[in-house]
Amino acid sequence: MSSTISFLTEMGFSKLRAERAIVATNNQGVEPAMEWLLAHSEDMDTEVPSEVDSQPRLQLRPEADSAPTGASGVSETTTDTANTTDIAETGEAEKMKSLRCDDCGKLFTREIDVEAHAIKSGHQKFSESTEEVMPMTEEEKKESLRNIEEKIKKRREEREELEKKKQLENEKLRRKQGKEIISNKAR
């Protein structure tokens, strides 16, 4: 099961989504889990909230906040709540539409995706953004699916090659042991 999870996470799926897919497909392997993930890629409820809540939360900086940050990317200054309230009441501030990774620039719509990205990449600096995350086009989905299928094919070929080598080694060992048994009986 852990090899299936690691394979799916290498392909870009979050660990939580991979675990959910494995449970949903009764641990039948990588391909059924992959098919399930692709079929449920737009579902918001594929994340397991109880597992998410046990993960440490990241601190986010507002995009306009230019305060110095510590090693973790968390602002070392506090914000003035009165100022924030005034902006919210007057409607001057734009509504936050996404979260941006300050290290690589990737946009996320959900905090769980931010946390998964932080765990996977090690990035710790995130800020709120007014940019909207655009959904994947059909062409992008097809390209992503093609890349995933190529990775599956490559992984399958590597596994088959490894199995052939292992079978060859086992056959050599079996023959060697057979010769030893025959030579012991001859004595």
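Our structure is the block above this text.
About the thresholds
- Residues numbered from 1 in each chain as written.
- Predicted model: local features only at pLDDT ≥ 70, side-chain atom pairs only at ≥ 80, totals over all residues.
- Heavy atoms only, no water.
- Helix = DSSP H or I, 4+ residues; strand = E, 2+ residues; numbered from the N terminus.
- Buried < 20%, exposed > 50% of the residue type's maximum accessible area, 1.4 Å probe, protein only.
- Contact = heavy atoms within 4.5 Å.
- Areas by Shrake-Rupley, 256 points an atom, 1.4 Å probe, with all protein chains shown as cover.
- Polar contact = N/O pair within 3.5 Å; in protein donor to acceptor, adjacent residues only side chain to side chain.
- Axes fitted to C-alpha atoms, helices over the stretch in contact; angles between N-to-C directions.
- Parallel < 35°, antiparallel > 145°, perpendicular 65-115°, else oblique.
- Left-handed = near helix turned anticlockwise from the far one by under 90°.
- Nonpolar A, V, L, I, M, F, W, Y, C, P; charged D, E, K, R; others polar.
- Pairing = 2+ DSSP bridges.
- Arc of directions from axis to C-beta.

A. Representation of the overall build of the chain within the structure. When its secondary structure is counted, the chain shows seven helices and three strands. A burial count over the chain gives 24% of its 187 residues as buried. Counting only contacts in the chain whose residues sit at least 6 apart along the sequence, the fraction spanning at least 24 positions is 59%. Here the chain displays about 13700 Å² of accessible surface, and carbon together with sulfur accounts for 50% of that area.

B. The environment of K106, seen in detail. Relative to the assigned elements, K106 resides in the loop between β1 (98-101) and β2 (107-108). Look at K106 and you get partly exposed, because its relative accessible area is 46%. Each C-alpha atom, one on K106 and one on F126, is 9.6 Å from the other, the two residues being 20 residues apart in sequence. For K106, the residues in contact, after removing those within four places along its chain, are L99, R100, C101 and H117.

C. Expanded view of the side chain of S14. Its place among the elements puts S14 in the loop between α1 (2-10) and α2 (15-24). Exposure remark for S14: the relative accessible area of 15% places this residue in the buried category. One polar contact links the side chain of S14 to the main-chain amide nitrogen of R17, over a distance of 3.1 Å.

D. Main features of the packing of α1 against α2. Two elements in contact, α1 and α2, have axes separated by 9 Å at closest approach and are oriented at 130 degrees. In terms of axis orientation, α1 runs oblique to α2. The element α1 and its partner α2 pack so that their crossing is right-handed. Only K15, A18, E19 and I22 of α2 make contact with α1, whose side of the interface consists of T4, I5, L8 and T9. Partitioned by chemical class, the residues of the contact of α1 with α2 number four nonpolar, two polar and two charged.

E. Quick look at the pairing of β1. The alternating pattern of β1 places S98 and R100 on one face and L99 and C101 on the opposite face, and all of these are buried. The pairing of β1 with strand β3 (residues 126-129) spans four bridges and is antiparallel. Each bridged residue has a counterpart across the sheet, and for S98 the counterpart in β3 is S129. Relative to β2, β1 runs antiparallel, the two being bridged by two bridges. Looking at β2, one finds that R100 is bridged to L107.

F. Examining α1 more closely. For α1, every residue scored as buried is listed here: T4, I5, F7 and L8. Viewed along the axis of α1, the buried residues span an arc of 165 degrees, placing them on a single side of the element. Where α1 is buried, its residues meet α2, α3 (30-39) and α7 (138-186). Residue G12 follows α1 closely and has a positive phi angle near 105 degrees.

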